[in-house]
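In case you want the letters, here they are:
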Amino acid sequence: MSNDGNKKQFWKRNAAKVPGSLIKAGNRPPPATPGKPKKATTFQEFESITSDAWDVGDDDDELLAMAAQNLNIEVVMETANKVIENHSKQQERQRQDDTTELEQRGEDTQEELEEEEEENEEDRAGEGDRTSPEVSFTSQSSPHTEGRLVKSQSEAPIGSPKDAASEHAGLHRQRSLPHRPPVIPLVARMADQNTSGTPAMTEREASRLDKFKQLLAGPNTDLEELRKLSWSGIPRQVRPITWKLLSGYLPANAERRESVLQRKRQEYFGFIQQYYDSRNDEHHQDTYRQIHIDIPRMSPESLVLQPKVTEIHIDIPRTNPLIPLFQQASVQEIFERILFIWAIRHPASGYVQGINDLVTPFFVVYVFEYIEEEVENFDVSSLQEEALRNIEADSFWCMSKLLDGIQDNYTFAQPGIQRKVKALEELVSRIDESVHLHMQQYEVEYLQFAFRWMNNLLMRELPLRCTIRLWDTYQAEPEGFSHFHLYVCAAFLVRWRKEILEERDFQGLMILLQNLPTMHWGNEEVSVLLAEAYRLKFAFADAPNHYKR
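Report follows, based on the coordinates. Given the structure is predicted, the values throughout are model-derived calculations rather than measurements.

### Quick notes on the overall build of the protein
In terms of helices and strands, the protein carries 23 helices and two strands. Each of the 549 residues in the protein was classed as buried or not, and the buried ones make up 47%. Long-range pairs, those at least 24 residues apart, make up 72% of the contacts in the protein with a sequence separation of at least 6. Only carbon and sulfur atoms are counted for the fraction: they give 51% of the accessible area of the protein, which is about 28700 Å².

So this is what it looks like as structure tokens:
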């Protein structure tokens, strides 16, 4: 370093702006010419050409415009809350009334909601384009009204270029707006659901359930026929045994199933007795601490009482933190045991953050084997100890079967994920060149957003109920988790092409791709996604001249 006179504070060197500072209207630099951004060769150049998150939409004029919209937001939020409240009250009345009253009240409520929607549309038409982001927020907060689907923000018409600035500012404000979720947020509800509000059990579903029961009742289950039937979704009542059969955990022969279950469950708890006490050993501390943090939030007292454990404990709170089921101490202990035993028995990979997510679908499905009510708030301590032990052992073995097919995703440097992300990039460049070139233009690397899609099998992008439906097809599809998942990711990305093409900077694209609006998704959206993924697989999987893996 030179003398003190030549020293400058880092953030004030060359009068560069401080990240997070407001840019005044008179001091804003001239807009850059369109084209590929210049590559930065030093940190100072990188800092000078990078849009700071705090600068977007924060100049004086835009702040005044945002302040002028406060009343509109309050009105919209109040309307959204009323719609949700009315819908909840209507559902409660439907449970109490007989069929005739149900139909009559359903018609009355439909008319009221339609009139309310017409009034809202007239208000929105009068307010003009400025209020469009807030209207989208209303639709997203209350995605389904009685018997019909309300368009989400992703389905809103593309605005004119002159409105891009106001829409961009509104989008940032929308994402930061606080809202008051119900006791169980929509994203955390795990019941099979159609966003159009149709009944969970239609005549078609009842017929399919009968077919499953007939197929499973035979002395030797035809697994190929079971896969064909399961591809379009598995009824909740038969999902536990169907998943066990399709994963290879249970044999097709009905007479052998009980003995296999007893043997595998005893084997698992033998592992517990043999290995679990070693979790506080020095060479296992980091693994156990990470698992303990990745599973749903443990009480702070637990972390204080066990200061030496390090890695499993970190990952515990990150698994479905919105769902009360996973906050129960007994459930968290089950997850800890499952993940720790798997890590000990697979030293090539050990425990990798994200594997904790893969336990939850199995656990929820196998809990349904013992209860009839919804599982989100279910107290597992009310189950018999034997049932809990069975759920734990079955979840362990089925998760192990899944990971056996994708273990290279979790070995050193995670080469399986690297290959799949590269394959995703090549596939998207062929099926939607506009999206591919748009992300290239703003230097968005696929690895920056698709790594999580591959590592967690889209579990962080979809509600858990949608993941369970998705896994119905993955279990039925040959190499569903290792190969078909690639085409699902490609279809999932292209599904948001309009929103992607509307974003005009790196920051906006990354915020979108890491927070895709799937909260309202149900069986219908997942079925459409799977159908598109199957079409892509049919077109590209065996076409080496068009797609290279």
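### Here's the deal with the packing of helix α16 (residues 415-431) against helix α17 (residues 433-441)
It is the contact of α16 with α17, at a shortest axis distance of 5 Å, that shows an interaxial angle of 125°. Here α16 lies oblique to α17, going by the angle between them. From α16, Glu425, Val428, Ser429 and Ile431 reach across to α17, where they touch Glu433, Val435 and His436. In terms of residue class, the contact of α16 with α17 is made up of three nonpolar, two polar and two charged.

### Notes on the packing of aromatic side chains
The geometry of two aromatic rings is summed up by the distance between their centres and the angle between their planes. Here the structure, examined in full by the defined rule, presents 24 aromatic pairs. When the ring of Phe271 is compared with that of Tyr275, the centres are 6.3 Å apart and the planes differ by 40°; the resulting orientation is tilted. Remark: Tyr275 and Phe271 occur in helix α10 (residues 254-275); sequence separation between them is four residues, near one turn of the helix. A residue is classified by how much of its surface remains accessible, and Phe271, at 10% relative accessible area, is buried. Ring geometry for Trp453 against Phe492: centres 5.2 Å apart, planes inclined by 70°, an arrangement best described as edge-to-face. Of this pair, Trp453 sits in helix α18 (residues 446-455) while Phe492 sits in helix α20 (residues 480-495), and the two are 39 residues apart along the sequence. For the pair formed by Trp453 and Phe492, the shared burial category is buried. What links up through ring pairs into an aromatic cluster is the set Trp231, Trp243, Phe362, Tyr366, Trp471, Tyr474, Phe481, Phe484 and Tyr534. It is Lys244 that lies over the ring of Tyr366; its NZ or CZ is 5.0 Å from the centre.

### Quick word on the pattern of salt bridges
Inspection of the entire model under this criterion finds 17 salt bridges. Here Arg239 and Asp472 are joined by a salt bridge, their closest N and O atoms 2.8 Å apart. With Arg239 in helix α9 (residues 239-246) and Asp472 in helix α19 (residues 464-476), the pair connects residues that are 233 residues apart, well separated along the chain. With respect to class, Arg239 is no different from Asp472; both count as buried. Where salt bridges share partners, they join Lys244, Arg265, Glu369 and Asp394 into one cluster.

### Section: the packing of helix α14 (residues 360-367) against helix α15 (residues 385-404)
Two numbers describe how α14 lies on α15: the axes approach to 9 Å, and their chain directions differ by 140°. When the interaxial angle is binned, α14 and α15 end up oblique. Note on packing geometry: the crossing formed by α14 with α15 is right-handed. Contacts from Phe362, Phe363, Tyr366 and Val367 of α14 reach α15 at Ile391, Asp394, Ser395, Cys398, Met399 and Leu402. For the contact of α14 with α15, the class distribution of residues is eight nonpolar, one polar and one charged.

### So, the nonpolar core
Core analysis: the largest hydrophobic core is formed by 113 residues, its most contacted members being Met399 and Trp471. Not counting residues within four places of it along the chain, the set of residues in contact with Met399 comprises Ile338, Leu339, Trp342, Ile355, Leu358, Val359 and Phe362.

### Quick word on the side chain of Asn409
Note that Asn409 resides in the loop between α15 and α16. Non-local contacts of Asn409, meaning those with residues more than four positions away in its chain, are made with Gln414, Gly416, Ile417, Lys420 and Met454.

### Some remarks on α20
When the local axis directions of α20 are compared, the greatest deviation, roughly 30°, occurs at Leu486. Judged by how many residues are buried, α20 sits mostly within the fold: 13 of 16 residues are covered.

The rules behind these values
Residues numbered from 1 in each chain as written. Predicted model: local features only at pLDDT ≥ 70, side-chain atom pairs only at ≥ 80, totals over all residues. Heavy atoms only, no water. Helix = DSSP H or I, 4+ residues; strand = E, 2+ residues; numbered from the N terminus. Buried < 20%, exposed > 50% of the residue type's maximum accessible area, 1.4 Å probe, protein only. Contact = heavy atoms within 4.5 Å. Areas by Shrake-Rupley, 256 points an atom, 1.4 Å probe, with all protein chains shown as cover. Axes fitted to C-alpha atoms, helices over the stretch in contact; angles between N-to-C directions. Parallel < 35°, antiparallel > 145°, perpendicular 65-115°, else oblique. Nonpolar A, V, L, I, M, F, W, Y, C, P; charged D, E, K, R; others polar. Phe/Tyr/Trp six-rings, centres within 6.5 Å; stacked < 30°, edge-to-face > 60°. Lys NZ or Arg CZ within 6 Å of the ring centre and 35° of its normal. Salt bridge = Lys/Arg side-chain N within 4 Å of Asp/Glu carboxyl O. Left-handed = near helix turned anticlockwise from the far one by under 90°. Core = buried A, V, L, I, M, F, W, Y, C linked by side-chain atoms within 4.5 Å. Bend = angle between axes of the 7 residues up to and from the residue.

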